[in-house]
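Next come the chains, spelled out residue by residue.
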Amino acid sequence: MPTAPSIDFTVAHSYPPLTDREGDAIRTTGFSVDKISPRGTTTVDPGAAGDEVIMRGVGDFDGDGHSDLLVDLYKGGAANATFVVPGTVAPGRHAVATVGIPIPTPGAGSPYRGVFPAAIGDQNHDGADDIGFGPLMYSGRALMTAPAVLPAPFRVLPAMYLGLLNVDKSRPPSLVVPDPETTSLAVLDGKSDRLFLDSPRADLTAAIRVGARVSGWLVDGHHIVELQASTRSGDTQWRWDLDAPCGN
């Protein structure tokens, strides 16, 4: 693995411990999530024994300049509930259902029911970060109004994306989407890079089936993209340099 700065948006915005855009530290402590700022520590707890708050992402979903927490409330085997905890919540300990804004999720009949929510950056360019459920993308601003049901997504990808990369700092994170028909990955950035696997189509299909994911690093000014899949037989990786001729 390159010893270089990561360009993996998902890791930087989803997996505690992490630091948000305001410089506040976010971590999990037991079954709760802490946000540590100069104002103090804001702890979001499940509110009941046996429940758990699970971190899903960080973003400014309402565009007010403060980082909000995207979390799931896991209720001991019952259906999860998704919330956004606004960045303006005061320091102290709070039950997530008390301070969080409930976010509707894909319901019965949807093939994406049960898909975890994710922070995906400002994909619709409205000045606020957005929320995705698999290939379905929703306006963060719209969801922060707590609608009773999900509105129509502003974009539907052709497949589940495998990664989010900070390829261009002046643009939202780039989605990396598989195209099994051509045995390639499409990087949905300003250049629309297409990364071909030097292997049979079945290899990409198999990698996606076992949960392949895309990550990346900035190495000496070059954006290195990696697709990795792990099975009982070991790990398989493909790597590309976006800044080399033809993306090789």
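Higher on the page you've got the structure.
Residues numbered from 1 in each chain as written. Predicted model: local features only at pLDDT ≥ 70, side-chain atom pairs only at ≥ 80, totals over all residues. Heavy atoms only, no water.

Can you lay out the overall build of the chain for me, pointing to particular residues and giving the numbers?
The helix and strand tally for the chain stands at four helices and 20 strands. Its C-alpha radius of gyration of 19 Å places the chain within 12% of the 18 Å reference for a compact globule of 248 residues. Projecting the C-alpha coordinates of the chain onto the three principal axes gives extents of approximately 50 × 40 × 40 Å. Evaluated residue by residue, the chain yields a buried proportion of 47% over its 248 residues. Across the chain, the fraction of contacts at a sequence separation of at least 24, relative to all contacts at a separation of at least 6, is 40%. Here the chain displays about 12,000 Å² of accessible surface, and carbon together with sulfur accounts for 54% of that area. A distance of 4 Å separates the average location of the 19 positive side-chain charges in the chain from that of its 29 negative side-chain charges. (Helix = DSSP H or I, 4+ residues; strand = E, 2+ residues; numbered from the N terminus. Rg over C-alpha atoms; globule rule 2.2 N^0.38 Å. Buried < 20%, exposed > 50% of the residue type's maximum accessible area, 1.4 Å probe, protein only. Contact = heavy atoms within 4.5 Å. Areas by Shrake-Rupley, 256 points an atom, 1.4 Å probe, with all protein chains shown as cover. Lys, Arg positive; Asp, Glu negative; His and termini not counted. Charge placed at Lys NZ, Arg CZ, Asp CG, Glu CD.)

Help me get a handle on the packing of aromatic side chains, residues and values and all.
Summed over all chains, the structure comprises one aromatic pair. For the pair Phe133 and Tyr138, a centre-to-centre distance of 6.1 Å together with 70 degrees between the ring planes defines the contact as edge-to-face. For the pair formed by Phe133 and Tyr138, the shared burial category is buried. The cationic tip of Arg56 hangs over the ring face of Phe116; the distance from NZ or CZ to the ring centre is 3.7 Å. (Phe/Tyr/Trp six-rings, centres within 6.5 Å; stacked < 30°, edge-to-face > 60°. Lys NZ or Arg CZ within 6 Å of the ring centre and 35° of its normal.)

Lay out the pattern of salt bridges in plain terms, naming residues and giving numbers.
Pairs may arise between side chains of opposite charge once their charged atoms sit close together. Counted according to the given criterion, the structure contains eleven salt bridges. Between Asp20 and Lys35 there is a salt bridge whose closest N-O contact spans 3.8 Å. You can see Asp20 sitting in the loop between strand 1 (18-19) and strand 2 (25-29) and its partner Lys35 sitting in strand 3 (residues 32-37), a full 15 residues away along the chain. The salt bridge involving Glu22 is made with Lys35; its shortest N-O contact spans 3.9 Å. In this pair, Glu22 is assigned in the loop between strand 1 and strand 2 and Lys35 in strand 3, connecting sequence segments 13 residues apart. Residue classification places Glu22 among the partly exposed positions, given a relative accessible area of 34%. Each member of the salt-bridge network shares a partner with another, and the members are Asp20, Glu22 and Lys35. (Salt bridge = Lys/Arg side-chain N within 4 Å of Asp/Glu carboxyl O.)

Outline the sheet that holds strand 13 (residues 155-156), listing residues and values.
Spatially, four strands are ordered 10-11-12-13 in an open sheet, and the strand pairing comes out antiparallel. Two strands lie at the open edges of the sheet, namely strand 10 (117-119) and strand 13, each paired on one side alone. Sheet topology places strand 10 next to strand 11 (residues 131-133); three bridges connect them, and they run antiparallel. When the sheet's bridge partners are listed, Ala119 is paired in strand 11 with Ile131. (Pairing = 2+ DSSP bridges.)

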